Amino acid sequence: MKLQAICLAALGLVAAAGAQAQSAGTIIGRLGATNINPKVESGDLSAPSLVHTTIDIKEASQLSGGLTYMVSDNIAIDLPIGLAFKHKVIGTGAIANVGKLADVKSLPITLLGQYRFGAANASLRPFVGAGAVYGRFFGARSTMALTGLTGGTPTTPTTMSMKNAFGAAGQVGLIANLGSRFSAEFSVLKVKLKTTGTLSTGQTIDARLDPVAVHVGVGYSY
Amino acid sequence: MMKMTFKSTWLALAAGLVVVGCGGGGADTTPRSKISAVKVFGDSLADVGTFGGVRATVQGTGIQMYPELVAAAFGTTVCNFYVFTGTTFAANPKAGCTDYAIGGGVINHSNPANPLGIPLQLATAGAAGFSATDLLVIDGGGNDAAALVTAYLGATKDGGAALAALLSTLLPPAQVGAALAGGATTTAAIGGAYMQALADKFYASIKANALDKGAQQVLVLNMPGITNTPRFQMVLNSIGAAAGATARAQSEALFKGWISAFNTQLDAKFAGDSRVAVADFYTAFNDQVAMPAQFGLSNASTPACPIKGLGSDGLPTYDFATCTATALSAAPPTGVSDPNWWKGYAFSDGFHPTPYGHQLVYQLISKSLAIKGWL
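Residues numbered from 1 in each chain as written. Chains lettered and ligands numbered in written order. Predicted model: local features only at pLDDT ≥ 70, side-chain atom pairs only at ≥ 80, totals over all residues.

Before going further, it helps to spend a moment on the overall build of chain B. A count of helices and strands for chain B gives 13 helices and nine strands. Along the first, second and third principal axes, the C-alpha atoms of chain B reach 95 × 55 × 40 Å. In chain B, buried positions account for 46% of the 375 residues. Counted over contacts in chain B with a minimum sequence separation of 6, partners at least 24 positions apart contribute 70%. (Helix = DSSP H or I, 4+ residues; strand = E, 2+ residues; numbered from the N terminus. Buried ≥ 20, exposed ≤ 12 C-beta atoms within 10 Å, placed from the backbone. Contact = placed C-beta atoms within 7 Å.)

Quick look at the overall build of chain A now. When helices and strands are counted, chain A shows two helices and 14 strands. The dimensions of chain A, computed from C-alpha atoms along their principal axes, are 60 × 30 × 25 Å. Counting only residues that meet the buried cut, chain A has 47% of its 222 residues in that class. Expressed as a percentage of contacts within chain A between residues at least 6 apart in sequence, the contacts between residues at least 24 apart total 65%.

So, about the sheet that holds strand β2 (residues 37-41) of chain B. Residue and element names in this part refer to chain B. The sheet built from four strands is open, its strands ordered β2-β5-β6-β7 with parallel pairing. Edge positions in the open sheet fall to β2 and β7 (276-279), since each of these has one partner strand only. Strand-to-strand twist of the sheet, defined as the mean angle between neighbouring strand axes without regard to direction, takes the value 20°. Relative to β7, strand β6 (residues 217-221) is paired through four bridges, and the arrangement is parallel. (Pairing = 2+ DSSP bridges. Axes fitted to C-alpha atoms, helices over the stretch in contact; angles between N-to-C directions.)

Another point: the sheet that holds strand β13 (residues 204-208) of chain A. Strand order in this open sheet of four strands is β2-β13-β12-β9 (chain A), and the pairing throughout is antiparallel. Each edge of the open sheet carries a strand with a single partner, namely β2 (41-42) and β9 (160-162) of chain A.

All names here are of chain B. Look at helix α8 (residues 184-209) against helix α10 (residues 245-270): their axes get within 8 Å of each other, and the N-to-C directions meet at 35°. Viewed along their axes, α8 and α10 form a crossing whose handedness is right-handed. Taking contact as the criterion, the partners of A188, G191, G192, M195, Q196, L198, A199, D200, F202 and Y203 in α8 are, on α10, L254, G257, W258, I259, A261, F262, Q265, L266, K269 and F270. Its residues assigned to classes, the contact of α8 with α10 comprises 13 nonpolar, five polar and two charged. (Left-handed = near helix turned anticlockwise from the far one by under 90°. Nonpolar A, V, L, I, M, F, W, Y, C, P; charged D, E, K, R; others polar.)

Next up on the list: the packing of helix α9 (residues 230-243) of chain B against α10(B). Residue and element names in this part refer to chain B. For the pair α9 and α10, interaxial distance at closest approach is 7 Å and the crossing angle is 145°. Between α9 and α10 lies a crossing whose hand is right-handed. Between α9 and α10, the residues in contact are L236, I239, G240 and A243 and A245, A247, R248, S251 and E252, respectively. Class assignment for the residues of the contact of α9 with α10 results in five nonpolar, two polar and two charged.

Moving on: helix α11 (residues 281-290) of chain B. Those residues of α11(B) that sit buried are B:F281, B:Y282, B:A284, B:F285 and B:Q288. Buried positions along α11(B) lie against β6, α10, β7 and α13 (355-372) of chain B.

Residues and elements named next belong to chain A. When you line up the elements, I55 lands in strand β3 (residues 53-57). Residue I55 is classed as buried on the basis of its C-beta count, with 21 C-beta atoms lying within 10 Å. Here the alpha-carbon distance between I55 and T196, two residues 141 residues apart in the chain, equals 11 Å.

Let us look at the confidence of the model for chain B. With 94% of its residues at a pLDDT of at least 70, chain B reaches an overall mean of 94. Within the model, pLDDT remains below 50 along residues 1-22 of chain B, and this stretch shows 26 contacts once partners closer than five positions in the same chain are excluded. (pLDDT = per-residue confidence, 0-100.)

All right, on to unusual backbone geometry then. Residue and element names in this part refer to chain A. With omega at -5°, the peptide bond leading from A47 into P48 counts as cis. Within the secondary structure, P48 sits in the loop between β2 and β3. One non-glycine residue, H52, lies in positive phi territory at about 65°. For H52, a count of 14 C-beta atoms within 10 Å puts it in the partly exposed group.

Turning next to the pairing of strand β8 (residues 124-142) of chain A. In this sheet, β8(A) lies alongside strand β7 (residues 100-116) of chain A in antiparallel orientation, the contact comprising 14 bridges. Residue pairing in the sheet places A:G113 in a bridge with A:A130 of β8(A). For β8(A) and strand β10 (residues 165-177) of chain A, the ladder comprises twelve bridges, and the chain directions are antiparallel. Within β10(A), the position partnered with A:Y134 by the bridge is A:F166. Pairing between β8(A) and strand β1 (residues 26-27) of chain B: two bridges, direction parallel. Note on β1(B): the bridge partner recorded for A:S142 is B:A27.

Chain-level statistics for chain A give a pLDDT mean of 92 and a share of 91% at 70 or above. Low pLDDT, under 50, characterises residues 1-19 of chain A; the predicted model gives this stretch 28 contacts beyond four residues in sequence or across chains.

Structure below.
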């Protein structure tokens with residue numbers, strides 16, 4: 001949890017006297033939490049494999065935050081920042097019910113342009129956003145179940161990697177200005193993103209992840 | 001330009017923040033259940049060296065049969081509990097060996113004192129009781145099915161004497177007599193009844209000698225479709241040559257039906273017992289033969305080992321002792337130069353898997369164990 005401190009420190013770095021609310025030129029630092037829920041459409045694992053070996057990737061929640069720069073009173077650039085999400089990869093299809101095959105960490109590096117409706121100091125500001133996500137996948141740690149299913153043993157374990165990928169993102173959200181410099185934010189982000197998993201035993205699997213990220217946070221305007 | 005720099009700086013920071021100290025990756029090789037010993041029962045598929053260390057697959061350093069792979073998954077090893085003395089089976093003087101399987105092992109042995117009978121293997125291990133951290137791996141029935149098919153096919157020569165004798169070991173002689181006298185349909189049906197009774201016997205033996213003796217994790221391989229093996233394909237081909245394709249197909253369906261009768265009964269007997277996982281070897285083996293490429297098999301019909309001669313039954317014989325990895329690599333089939341050619345074959349001889357075939361059995365077992373939450 002040292003990382004959380006680093007995150008907070010990072011937000012603190014940008015502390016400076018600035019404009020009120022969310023007017024042009026404001027930088028808003030935000031802390032909260034995000035849940036990412038991949039809506040996986042899995043392809044079949046390539047041979048050698050059981051016919052129709054597929055996967056699902058489970059949801060994950062994590063402390064998160066972000067920085068928003070108000071280009072104008074209505075247009076914002078938003079950069080979510082967060083700790084990596086840890087997702088369970090489980091077997092489905094021909095290997096349904098085998099349980100966890102791996103944990104994989106994801107870091108959806110995201111940059112969004114937003115349009116915030118209403119006046120800069122309006123108490124409720126709905127917004128829409130669009131942007132790009134670079135899904136970085138790392139730290140995949142396979143289980144003994146995956147190793148056994150692919151014929152490996154503890155001395156020859158099977159490992160997994162997932163390809164980093166770009167995706168397009170669309171967002172809707174709502175900001176509540178809480179007075180003073182504080183605001184609350186709720187947003188839902190849908191990302192279209194495809195990746196390929198590769199096993200050390202040579203098989204590959206394509207999966208459309210298309211996650212939905214739900215974020216709640218409290219912002220502070222500098 | 002300024003803006004791009006600004007963005008990429010923050011992107012780098014965002015990435016940097018998270019990557020710092022995250023680590024992870026690689027493989028967790030700890031199974032979900034703590035298993036301290038893998039205890040194995042069965043036939044040649046699971047015999048890791050009873051017969052002077054010669055195993056029913058390709059010989060070679062580092063080659064692992066499926067029980068060895070399963071044991072390795074749990075960080076342990078197995079060695080053969082019995083040694084063949086030339087005339088009988090004695091306990092291996094090496095202590096701590098827990099693989100009781102013997103090549104030629106059957107569920108239904110005429111002599112209950114012979115450890116070729118899998119029930120005696122189970123009873124021998126079960127006498128000492130099982131620990132909660134034992135994993136039992138049991139295969140059996142392939143040789144029983146082969147015996148039934150052989151007796152059935154031999155009925156035209158011996159008037160059904162051998163078949164009647166075999167059936168009567170598990171079924172009432174009156175029922176057997178009536179069925180055999182009743183014609184082809186009732187004769188075929190009695191085979192199914194025998195296989196059901198065989199499954200009952202297998203179950204009763206596992207129940208009494210393993211489950212009732214404290215075993216908490218039991219993996220049972222169901223009966224593989226022995227008709228898929230090169231040996232039985234040759235038998236079926238000879239039926240086809242003599243009586244036509246329809247007769248061949250009927251015979252294959254009949255034999256598969258018998259095996260299915262065994263497997264259905266085995267599933268029914270163990271249904272609802274959380275201590276037991278029945279791995280569907282039958283379906284897996286059928287799939288491998290039907291779709292070899294899907295399973296990484298380059299050949300699922302020809303034995304990799306060289307034919308040594310012809311047996312009294314007119315079928316090829318093989319010599320496992322000389323069928324080594326080195327010998328196979330040195331003698332690829334005509335037109336092939338890859339020394340690893342045999343590694344994608346399913347069969348070593350006419351009836352037994354290659355090391356890769358063993359790996360596929362291990363993978364099947366792994367799936368069943370993972371579903372149970374044990375691996």
